[in-house]
Amino acid sequence: MDERAALSFLGDRLSHAGDDAAVVDGQVLTTDMLHETTDFPAGTTRYTAGWRSVGASLSDVAAMGAEATAAVAVYAAPEFSEADLGEFVAGASDVCEAVGAEYVGGDLDESREFTAATTALGRTDDPVRRSGASPGERVCVTGTLGRTGAALRLFERDATGDGGAEPEAVERANDLFRFEPRVEAGRAVAPHATAMMDSSDGLARSLHQLAEASDCGFAVDADALPVDESVREVADDETERRELSVFFGEDFELVFTVPERDLAAVRESSPTPISVVGEVTESGVEMDGEPLADRGYTHGGE
């Protein structure tokens, strides 16, 4: 089983599965696990790891259109040091503070590799699911796409560059890795959004997941995609730029649908820039009139 098959298997057996987070009596709950070998490339600081780990769970709260309230984390490593622990907690606390939540602790464990397991809590009485999109509506994204892909290229530049280590590249990569969970934007668009999720698996896969949940399709315009400027810094050609911004994933932006009549209200209320990238159709997921591959980030490989 790959990750998607496992999720499908569990979704058939768990009534609250299927969205970015579970909602029980107005309480939003989600959990994530990140590993050094698959999620934290060489050069990732413990501060960035704390921010990114907790931020991933807070992004799931944002995708439900919920208020974020608190987060906890399990910190597992071969050994503990005051410096690493302090930096991790500082990053976790700062990302919570950035979205109006509180980091309230967690647990420690020994492990052969550095691993962080995080849980975030939120609150909403009217969650936005993945299943409400209808043909004729517009599909939108918050912020920009490709930051994480660009960060990975910069981390790789430090590891393999002919000139040895590039401290500026590592610093820039860590900065790109510390995304801001779109909690405030999620709450702003929630009254208008008909379907929503975050782009942790990449824009292409997110569109396919929304299409499956809503029994619809999407027609996307490549020229309308808000590609982050960092992608142009690291990608040599348009093919690589498309790979980093459409398929790479882990950007944690919101992908959502809204009726056209609500676009002005959504843009006015959101603290984060909103881009209209296409429209909802009856079936099929296309970009510029061609089928868009159902491909993106998957834990444990394809």
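Rules behind the numbers
Residues numbered from 1 in each chain as written. Predicted model: local features only at pLDDT ≥ 70, side-chain atom pairs only at ≥ 80, totals over all residues. Heavy atoms only, no water. UniProt positions renumbered as here; feature names shortened; annotations may be inferred. Helix = DSSP H or I, 4+ residues; strand = E, 2+ residues; numbered from the N terminus. Contact = heavy atoms within 4.5 Å. Core = buried A, V, L, I, M, F, W, Y, C linked by side-chain atoms within 4.5 Å. Buried < 20%, exposed > 50% of the residue type's maximum accessible area, 1.4 Å probe, protein only. Domains from an automatic or database assignment. 1 Å grid on protein atoms, 1.4 Å probe; cavity = no way out; pocket = protein on both sides within 12 Å on 5 of 7 lines; lining within 4 Å. Points joined across faces, edges and corners; volume = space filled by probe spheres on them. Nonpolar A, V, L, I, M, F, W, Y, C, P; charged D, E, K, R; others polar. Phe/Tyr/Trp six-rings, centres within 6.5 Å; stacked < 30°, edge-to-face > 60°. Lys NZ or Arg CZ within 6 Å of the ring centre and 35° of its normal.

Draft legend 1. Layout of the UniProt feature "binding site: Mg(2+) 2" (unreviewed entry) in the protein. Within this numbering scheme, the UniProt entry marks Asp-32 and Asp-60 as carrying the feature "binding site: Mg(2+) 2" (unreviewed entry). These annotated residues cover 29 residues of sequence, but their C-alpha atoms sit close together, with the largest distance between any two at 9.5 Å. Along the chain, Asp-32 turns up in strand β2 (residues 27-35). Other than its neighbours up to four places away in sequence, Asp-32 contacts Ala-56, Ser-57, Asp-60, Ala-116, Ala-117 and Thr-118.

Draft legend 2. Quick peek at the nonpolar core. Within the largest apolar cluster, 43 residues are counted, with the highest numbers of intra-cluster contacts made by Val-54, Leu-58, Phe-88 and Phe-256. At the level of elements, β2, α3 (46-63), β3 (67-77), α4 (82-98), β5 (115-123), α7 (183-189), β9 (254-258) and α11 (263-269) are the ones that each hand at least two residues to this core. If you count residues domain by domain, this core takes at least three from each of domain 1 (3-123) and domain 2 (138-291). Excluding residues within four positions of it along the chain, Leu-58 makes contact with Ala-68, Val-95, Cys-96, Val-99, Ala-101, Ala-120, Pro-181 and Val-183. The next biggest cluster of nonpolar side chains, apart from the first, holds 39 residues, and it includes Val-139, Val-231, Val-234 and Phe-247.

Draft legend 3. Structural view of the layout of surface pockets. Size it by volume and the second largest pocket reaches roughly 150 Å³. The element contributing the most residues to the lining of the second largest pocket is helix α10 (residues 238-247), with four residues. Here the lining of the second largest pocket is composed, by residue class, of three nonpolar, one polar and five charged.

Draft legend 4. Focus on the packing of aromatic side chains. Applying the stated criterion across every chain yields a total of eight aromatic pairs. When the centroid spacing of 4.4 Å and the interplanar angle of 15° are considered together, the rings of Phe-179 and Phe-252 count as stacked. With Phe-179 in the loop between α6 (167-177) and α7 and Phe-252 in the loop between α10 and β9, this pair connects stretches of sequence that are 73 residues apart. Each member of the pair Phe-179 and Phe-252 is classed as buried. Here the aromatic residues Phe-40, Tyr-75, Phe-80, Phe-88 and Phe-114 are joined through ring pairs into a cluster of three or more. When the ring centre of Phe-177 is taken as origin, the NZ or CZ atom of Arg-52, which lies over that ring, is 3.9 Å away.

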